[in-house]
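The residues making up each chain are set out below.
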Amino acid sequence: MCGKYYYSQDTYHFIDTHVDVNFSKNTNCDYQPVQKIPIILMQNNQRICKMMPWGYSIYNKKVINARSETIRERKLFQNDIIYRRCLIPAQGFYEKDKDKHTFAFESKSHQTILLAGIYNINNEVSIITTKANEVMKPIHHRMPLMIEEASMNQWLRNNQKLDYFLQIENNDLEIVSGVYQPKLF
């Protein structure tokens, strides 16, 4: 699950070099569900950045994540995964373990992380999650689906590779804060 992520100056620099940007920049900030978040999407064959609220509104609740394994079958997401994919750039994201300890994760290669997402006709965003990789497994069983920078355009507009993207496992991840302590007893 992904319920909070953060930006740094490097994240804004990444956006400035990859898309046409027109939003105010808050350096080193955290983003949480319900807030408007910057997303990258394809419009008229160009990558643009827009601000949209994080979470699909369903019966007075917010659906902030969509599972990669079932996204094609769930009516809520079926059209959006085909026609409205986006990327959520981040410096890193937070996750809590079962004891409510918070951990921060970033790219081992110190690159901007691109979280896979979808948005609906109401311009609401949901982040796609996948099974945890080896770094994440001791903390949580889910993690955001991440897209490599070289695959940005393919993710945003190529339906032929969609199944491939929904199954990728990204291992370029490390814990940058928080200390995992396995139980001794």
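The structure under discussion appears in the preceding block.
Residues numbered from 1 in each chain as written. Predicted model: local features only at pLDDT ≥ 70, side-chain atom pairs only at ≥ 80, totals over all residues. Heavy atoms only, no water.

What to know about the pattern of salt bridges
A complete count under the given rule lists five salt bridges for this structure. In this structure, Glu-69 and Arg-142 form a salt bridge, with 2.9 Å as the shortest nitrogen-oxygen distance. With Glu-69 in the loop between β7 (65-67) and α2 (78-83) and Arg-142 in strand β13 (residues 142-144), this pair connects stretches of sequence that are 73 residues apart. Owing to a relative accessible area of 4%, Arg-142 belongs among the buried residues under this scheme. Put simply, Asp-80 and Arg-84 hold a salt bridge, and the shortest N to O gap is 2.7 Å. (Salt bridge = Lys/Arg side-chain N within 4 Å of Asp/Glu carboxyl O. Helix = DSSP H or I, 4+ residues; strand = E, 2+ residues; numbered from the N terminus. Buried < 20%, exposed > 50% of the residue type's maximum accessible area, 1.4 Å probe, protein only.)

Considerations on the nonpolar core
Tyr-5, Ile-39, Ile-88 and Trp-155 are the most contacted members of the largest nonpolar core, which has 56 residues in total. In terms of residue count, strand β11 (residues 113-119) provides more of this core than any other element does, six residues in total. The contacts of Ile-39, once residues within four sequence positions are left out, are Ile-48, Cys-49, Lys-50, Met-52, Cys-86, Leu-87, Ile-88, Tyr-119 and Val-125. (Core = buried A, V, L, I, M, F, W, Y, C linked by side-chain atoms within 4.5 Å. Contact = heavy atoms within 4.5 Å.)

Remarks on the sheet that holds strand β10 (residues 102-106)
Working definition: the strands of a sheet are paired by backbone hydrogen bonds and lie parallel or antiparallel to each other. Pairing is antiparallel across the open sheet formed by five strands, whose spatial order is β2-β1-β9-β10-β14. The strands lining the two open edges of the sheet, one partner per strand, are β2 (30-31) and β14 (174-177). (Pairing = 2+ DSSP bridges.)

A few points about the packing of aromatic side chains
This structure, assessed with the given rule, holds nine aromatic pairs. Aromatic side chains Tyr-7 and Tyr-31 sit 5.2 Å apart centroid to centroid with 70 degrees between the ring planes, which places their arrangement in the edge-to-face category. Of this pair, Tyr-7 sits in the loop between β1 (5-6) and α1 (9-18) while Tyr-31 sits in strand β2, placing them 24 residues apart in sequence. No difference in accessibility class separates Tyr-7 from Tyr-31, as the two residues are buried. Ring geometry for Trp-155 versus Phe-165: centroids 5.7 Å apart, planes at 85 degrees, classification edge-to-face. In this pair, Trp-155 is assigned in helix α3 (residues 152-157) and Phe-165 in helix α4 (residues 162-167), connecting sequence segments ten residues apart. A single burial state applies to Trp-155 and to Phe-165, both of which are buried. Each residue in the set Tyr-5, Tyr-7, Tyr-31 and Trp-54 is aromatic and connected to the rest through ring pairs, giving one cluster. Positioned above the aromatic ring of Tyr-94, the side-chain terminus of Lys-4 is 5.5 Å from the ring centre. (Phe/Tyr/Trp six-rings, centres within 6.5 Å; stacked < 30°, edge-to-face > 60°. Lys NZ or Arg CZ within 6 Å of the ring centre and 35° of its normal.)

Worth remembering: the numbers are spatial, not functional.
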